[in-house]
Amino acid sequence: PLSVNNNLEMAINAFDGTTAKYLSGDTFGNTTNSVVSRDSGLLFRLSSATAPTKINFQSAADTPAWNPTRFTLYGSKQPLTWSDDQWSLVGEGATGLTSGTAGNAWGGDVSLTSATAYTYYKVVFNQTAGGAGSPANYYAQIAEVKLTDTSGVISALPATASTTPTVVSNDGTVFSLTPDFAGTD
């Protein structure tokens, strides 16, 4: 995930309950194809192990070519680095967003396949709507990521000193904010 975003389009925005967007400018995994192959996304931690049953993505208000169209969600019971091979698959599929998706539209609930409760999660944006030779080859954006479990929506923790998101390493040099969630007990 993006190390510096001068527009304040940080990872925490994907979980803040507003339409402020998270913009990832990672270039690894990209091609010049019209559907852009990616490997960018978000790491986050829940306050207690929870098994999400659904995930939903909200498009940002601008540049539909930057919409992630496919995702993979992984979980872990312990903190891992982005590239660690010990992440367990929780679910994957289409986000429901396309290059024609209107701004701030929800892609629709996607059912997740794992019933295992994890504390740490990694959502990877595998593809964006893209556009050959366009800046879409370098960006992915999302307004919100909504997780749901059997009790309902998993809410973000309030922004207090004790719940300030921490910084985690992607590959030893790139950093991203890691939102904390209240989860469900």
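Residues numbered from 1 in each chain as written. Predicted model: local features only at pLDDT ≥ 70, side-chain atom pairs only at ≥ 80, totals over all residues. Heavy atoms only, no water.

Draft legend 1. Quick peek at the packing of aromatic side chains. For the coordinates displayed, the defined rule picks out five aromatic pairs. Taking the centre distance of 5.0 Å and the plane angle of 50° together, the rings of F57 and F71 count as tilted. Of the two residues, F57 is situated in strand β3 (residues 54-58) and F71 in strand β4 (residues 68-76); the sequence distance between them amounts to 14 residues. In terms of burial, F57 and F71 fall into one category: buried. Among the aromatic residues, those joined into a ring-pair cluster are F15, F44, Y118 and Y121. The ring of W82 has K122 sitting right over it, with the charged end atom 4.9 Å from the ring centre. A cation over a ring is seen here: K146 above W106, with NZ or CZ 5.0 Å from the ring centre. (Phe/Tyr/Trp six-rings, centres within 6.5 Å; stacked < 30°, edge-to-face > 60°. Helix = DSSP H or I, 4+ residues; strand = E, 2+ residues; numbered from the N terminus. Buried < 20%, exposed > 50% of the residue type's maximum accessible area, 1.4 Å probe, protein only. Lys NZ or Arg CZ within 6 Å of the ring centre and 35° of its normal.)

Draft legend 2. Spatial organisation of the pairing of β3. Extensive coverage of β3 is indicated by the burial of four of its five residues. Pairing analysis gives two bridges linking β3 to strand β6 (residues 110-111), with the strands arranged antiparallel. Bridge assignment links K54 to a residue of β6, and that residue is S111. As defined by bridge partners, β3 adjoins strand β9 (residues 144-149) across five bridges and the pair is classed as antiparallel. Residue pairing for β9: K54 is matched across the bridge by T148. (Pairing = 2+ DSSP bridges.)

Draft legend 3. Spatial organisation of the side chain of E144. Structurally, E144 is set in strand β9. Salt bridges are absent for the buried E144, whose nearest opposite-charge side chain, K146, sits at 9.2 Å. (Lys, Arg positive; Asp, Glu negative; His and termini not counted. Salt bridge = Lys/Arg side-chain N within 4 Å of Asp/Glu carboxyl O.)

Draft legend 4. Quick peek at unusual backbone geometry. With a phi angle near 45°, T63 is a residue other than glycine that sits in the positive phi range. Tracing the chain through its elements places T63 in the loop between β3 and β4. For N104, which is not glycine, the phi torsion reads 60° and is therefore positive. Note on N104: relative accessible area 27%, which makes it partly exposed.

Draft legend 5. Focus on the sheet that holds strand β10 (residues 152-153). Spatial strand order, β6-β3-β9-β10: four strands in an open sheet with antiparallel pairing. Each edge of the sheet is formed by a strand with only one pairing partner; in this case those strands are β6 and β10. Inspection of the sheet shows β9 paired to β10 by two bridges, in the antiparallel sense. Residue pairing across strands places D149 opposite G152, the latter belonging to β10.

Draft legend 6. Molecular detail of the environment of W82. If you trace the backbone, W82 turns up in the loop between β4 and β5 (88-94). Assessed through its relative accessible area of 4%, W82 is described here as buried. Remark: the alpha-carbon pair of W82 and V124, spanning 42 residues in sequence, is separated by 9.6 Å.

Draft legend 7. How the structure looks around the pattern of salt bridges. Here the structure, examined in full by the defined rule, presents two salt bridges. Across the pair E9 and K21 runs a salt bridge whose closest N-O atoms are separated by 3.9 Å. Of this pair, E9 sits in the segment before β1 (22-24) while K21 sits in the segment before β1, placing them twelve residues apart in sequence. The two residues E9 and K21 agree in class, both being buried. Ionic pairing is found between D62 and K21, a salt bridge with its closest N-O pair at 2.9 Å. A residue pair is termed long-range when its members are at least 10 positions apart, and D62 in the loop between β3 and β4 and K21 in the segment before β1 qualify at 41 residues. What you see here is one network of salt bridges that share partners, running through E9, K21 and D62.

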